[in-house]
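Examination of the molecular architecture
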Amino acid sequence: MEYGLIGGKLGHSYSKEIHEKLADYTYELCPLTEEEFHPFMKKADFKAINVTIPYKKMVIPYLKELDDGAQKIGAVNTIVNRDGELFGYNTDYPGFIYMLKQNSIDVAGKKVIDLGNGGAAQAVKAALKTLGADELVIVKRISDGEAVTYEEAYRSHTDAEVIVNTSPVGMYPDVDSSPIDLAPFKKCTAVVDVIYNPITTKLVAQARELGMKGITGLEMLIAQAKYAVEIFLDKELDESLIDRIYQEMLQQF
């Protein structure tokens with residue numbers, strides 16, 4: 001494999017289609033069990049790869065160097081092999097910022113809830129801080145010191161104005177699940193779900209029913225892929241490619 005994506009389960013992924021629209025190479029999907037992951041990374045028989053759940057943190061010990069963004073975030077989704085040494089980057093961070101701006105979602109001065117605290121959440125948290133979120137509440141099933149439980153969120157944080165889902169709850173094939181009931185969050189105006197398959201998650205469908213702005217993560221996926229390709233090939237691509245591919249892919253749903 002020269003270029004591709006590693007992760008646990010990749011049946012939901014559109015990355016092959018997106019990368020092959022952005023660049024002139026074959027992009028492979030490479031699902032790995034944890035037992036397969038470590039030998040794969042030790043061998044490093046690739047030019048450049050993207051990384052998704054659950055390996056965005058686990059790849060770090062195999063890397064010679066992280067760029068400033070990946071180091072600050074503590075998660076990597078893009079790796080380039082340069083003469084046998086691996087370099088890590090995070091393009092989820094600019095991808096998420098692109099999606100918020102494209103959809104006119106302003107988090108500055110607002111209370112934001114982030115559902116989940118995995119690899120994707122690290123980039124989202126950094127982006128929210130950069131964009132000036134006033135208060136950021138991390139919510140997980142089990143409190144871990146940094147995060148509160150869902151019960152605590154219902155009890156003490158229903159005044160949140162923006163809710164972001166970075167957990168995999170609601171992702172294909174588990175499309176009938178939603179991480180949270182939005183009804184108690186009367187002040188919430190926007191819900192952002194980084195899941196992109198299905199194109200409308202149960203969470204986002206409820207947000208729209210309640211009159212909130214609701215978006216899913218296809219634009220973020222395409223944006224982060226564009227930024228990854230620029231790192232893979234060491235060349236700039238036109239920003240307008242993101243929206244062009246997004247509009248093309250929307251026709252498939």
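What you are looking at is a predicted structure, and each value in this text was computed from that prediction instead of being measured. (Residues numbered from 1 in each chain as written. Predicted model: local features only at pLDDT ≥ 70, side-chain atom pairs only at ≥ 80, totals over all residues. Heavy atoms only, no water.)

1. A closer look at the pattern of salt bridges
Per the counting criterion, the structure on display carries 12 salt bridges. For Lys-47, the salt bridge is made with Glu-2, and the minimal N-O distance between the two is 3.5 Å. Taken together, the residues span a long stretch of sequence, with Lys-47 in the loop between helix H2 (34-43) and strand S3 (48-51) and Glu-2 in the segment before strand S1 (3-7) at a distance of 45 residues. With a closest N to O distance of 2.8 Å, Lys-16 and Glu-20 form a salt bridge. (Salt bridge = Lys/Arg side-chain N within 4 Å of Asp/Glu carboxyl O. Helix = DSSP H or I, 4+ residues; strand = E, 2+ residues; numbered from the N terminus.)

2. Remarks on the packing of aromatic side chains
Throughout the structure, instances matching the rule amount to 10 aromatic pairs. For Arg-141, the ring lying beneath its charged end belongs to Tyr-150, and the centroid distance is 4.2 Å. (Phe/Tyr/Trp six-rings, centres within 6.5 Å; stacked < 30°, edge-to-face > 60°. Lys NZ or Arg CZ within 6 Å of the ring centre and 35° of its normal.)

3. Details of the pairing of strand S12 (residues 213-216)
When strand S11 (residues 190-193) meets S12, the two strands line up parallel, connected through 4 bridges. Residue pairing for S12: Val-192 is matched across the bridge by Ile-215. In this fold, S11 hands off to helix H7 (residues 202-209), which returns the chain to S12; that crossover is right-handed. (Pairing = 2+ DSSP bridges. Right-handed = clockwise from strand over helix to strand, strands pointing away.)

4. Let's talk about the pairing of strand S2 (residues 27-31)
The pairing of S1 with S2 spans 5 bridges and is classified as parallel. Counterpart to Gly-4 in the pairing with S2 is Glu-28. Crossover handedness for the path S1 to helix H1 (residues 15-22) to S2: right-handed.

5. A few points about the nonpolar core
With 30 residues, the main nonpolar core has Ile-18, Leu-22, Leu-218, Ile-222 and Phe-232 as its most contacted residues. Elements represented by at least two residues in this core include exactly S1, H1, strand S6 (85-89), helix H8 (218-233) and helix H9 (240-250). Broken down by element, this core gets its largest block of residues, 9 residues, from H8. The contacts of Ile-222, once residues within four sequence positions are left out, are Ile-18, Leu-22, Ile-242, Ile-245, Tyr-246 and Met-249. (Core = buried A, V, L, I, M, F, W, Y, C linked by side-chain atoms within 4.5 Å. Buried < 20%, exposed > 50% of the residue type's maximum accessible area, 1.4 Å probe, protein only. Contact = heavy atoms within 4.5 Å.)

6. A closer look at the packing of H1 against H9
The geometry of H1 relative to H9 is characterised by a closest axis approach of 11 Å and an angle of 135° between their N-to-C directions. On the basis of the axis angle, H1 is oblique to H9. The two elements H1 and H9 cross, and the hand of that crossing is right-handed. For the pair H1 and H9, the contacting residues are Glu-17, Ile-18, Lys-21 and Leu-22 in the first and Leu-241, Ile-245, Glu-248 and Met-249 in the second. Broken down by class, the residue content of the contact of H1 with H9 amounts to 5 nonpolar, no polar and 3 charged. (Axes fitted to C-alpha atoms, helices over the stretch in contact; angles between N-to-C directions. Parallel < 35°, antiparallel > 145°, perpendicular 65-115°, else oblique. Left-handed = near helix turned anticlockwise from the far one by under 90°. Nonpolar A, V, L, I, M, F, W, Y, C, P; charged D, E, K, R; others polar.)

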